[in-house]
Amino acid sequence: MEEVLPHVFLWQVRAMSLSKRIAAIQEYECFLLLKKQSKRVGISASDAEIVSWLDNIIIMKRLLENVKTSILVDCAIAFEEILPTRMRIDVLLYRGSHMMLIESCYEVKPSEATSEENLSQLEEYKKMLQFQHGGYLILESYLINFLPEYDASGKILNGTAQNTNDDRLSSLAKQIEAFFS
């Protein structure tokens, strides 16, 4: 990943409004590379989506560090997997007929409405994939709400957000291991 996006793992999920996050990274190398790459592959991604992709890269890196390597050996991982409706799944893990859909949500202030919207979206994805594959898939889905860990200047906010995120990632890692075992 770092070959394609140099220094991407230094990215920080910061407690800032989306508009301020976007404004702050207009010249960030990874942002510019992702913007260019999305155009190259025919995705008209907004600046907000690219920020989300950067967040997802960090979230997934941390998640996969928690999953036993033996579970992932023959698993494929797709980011922003495009469905026939042009909707995109944040992360798709799959092996054979087993697929796990993961949607992430960056939350400055946790909201039930945001979670409900994302859960509804996941259900749509599952129905579409089941229909597309004639019911032969074994599907699992998971929504992870990720809290910002840094303030606008890059200073760690407190250990609480990081601990909450680590707990959520650990829980998801256990679900991945159980699902693909």
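Everything numeric in this text was worked out from a predicted model, so none of it was measured. (Residues numbered from 1 in each chain as written. Predicted model: local features only at pLDDT ≥ 70, side-chain atom pairs only at ≥ 80, totals over all residues. Heavy atoms only, no water.)

Moving on, we get to the layout of surface pockets. One water molecule sets the probe size; rolling that probe over the atoms shows where empty space is left. The calculated volume of the largest pocket comes to roughly 490 Å³. Lining the largest pocket are 22 residues, with Ala 48, Ser 52, Asp 90, Ser 104 and Cys 105 positioned closest to its centre. Within the residue set of the lining of the largest pocket, elements represented by two or more residues are α1 (18-24), α3 (47-66), β2 (88-95), β3 (98-106) and α5 (112-132). With eight residues, α3 is the single largest residue contributor to the lining of the largest pocket. Looking at the lining of the largest pocket, its residues break down into nine nonpolar, six polar and seven charged. (1 Å grid on protein atoms, 1.4 Å probe; cavity = no way out; pocket = protein on both sides within 12 Å on 5 of 7 lines; lining within 4 Å. Points joined across faces, edges and corners; volume = space filled by probe spheres on them. Helix = DSSP H or I, 4+ residues; strand = E, 2+ residues; numbered from the N terminus. Nonpolar A, V, L, I, M, F, W, Y, C, P; charged D, E, K, R; others polar.)

Proximity of charged atoms lets side chains of opposite charge pair with each other. Scanning the model with the defined rule gives nine salt bridges in all. A salt bridge links Glu 65 to Lys 61, with the nearest nitrogen and oxygen atoms 2.5 Å apart. Residue Glu 65 and its partner Lys 61 are both found in helix α3; the two are separated by four residues, about one turn of the helix. Bridged by salt links that share partners, the residues Glu 49, Glu 80 and Arg 88 form one connected network. (Salt bridge = Lys/Arg side-chain N within 4 Å of Asp/Glu carboxyl O.)

A cluster of nonpolar residues, Met 1, Ile 77 and Phe 79, forms a patch on the protein surface that exposes about 260 Å² of accessible area. Looking at the secondary structure, you find Ile 77 in strand β1 (residues 76-82). Relative accessible area serves as the criterion here: at 38%, Ile 77 is assigned to the partly exposed category. (Patch = residues over 30% accessible without salt bridge, like charges linked within 9 Å, V, L, I, M, F, W, Y side chains within 5 Å. Areas by Shrake-Rupley, 256 points an atom, 1.4 Å probe, with all protein chains shown as cover. Buried < 20%, exposed > 50% of the residue type's maximum accessible area, 1.4 Å probe, protein only.)

What follows concerns the packing of aromatic side chains. Summed over the entire model, instances satisfying the criterion amount to two aromatic pairs. Centre to centre, the rings of Trp 11 and Tyr 28 are 5.4 Å apart; their planes meet at 35°, and the pair counts as tilted. You can see Trp 11 sitting in the segment before α1 and its partner Tyr 28 sitting in the loop between α1 and α2 (29-40), a full 17 residues away along the chain. Taking relative accessible area as the criterion, Trp 11 reaches 10% and is therefore assigned buried. According to the relative accessible area criterion, Tyr 28 is partly exposed, its value standing at 24%. Between the aromatic rings of Phe 179 and Phe 180, the centroid separation amounts to 4.9 Å while the plane-to-plane angle is 80°, which identifies the pairing as edge-to-face. Stacked on the ring of Phe 9, the Lys or Arg Lys 61 has its end atom at 5.1 Å from the ring centre. (Phe/Tyr/Trp six-rings, centres within 6.5 Å; stacked < 30°, edge-to-face > 60°. Lys NZ or Arg CZ within 6 Å of the ring centre and 35° of its normal.)

Let us look at the pairing of β1. If a strand is regular, its side chains alternate between the two faces of the sheet. With six bridges joining them, β1 and β2 adopt antiparallel strand pairing. Counted as the bridge partner of Phe 79 is Val 91 from β2. Linking two consecutive strands that pair antiparallel, namely β1 and β2, is a turn of five residues; a positive phi of about 80° is found at Arg 86 within it. (Pairing = 2+ DSSP bridges.)

This next bit is on the side chain of Asn 145. Checked against the element boundaries, Asn 145 lands in strand β4 (residues 138-146). Beyond its immediate stretch of four places on either side in the chain, Asn 145 contacts Cys 105, Glu 107, Ser 115, Asn 165 and Arg 168. (Contact = heavy atoms within 4.5 Å.)

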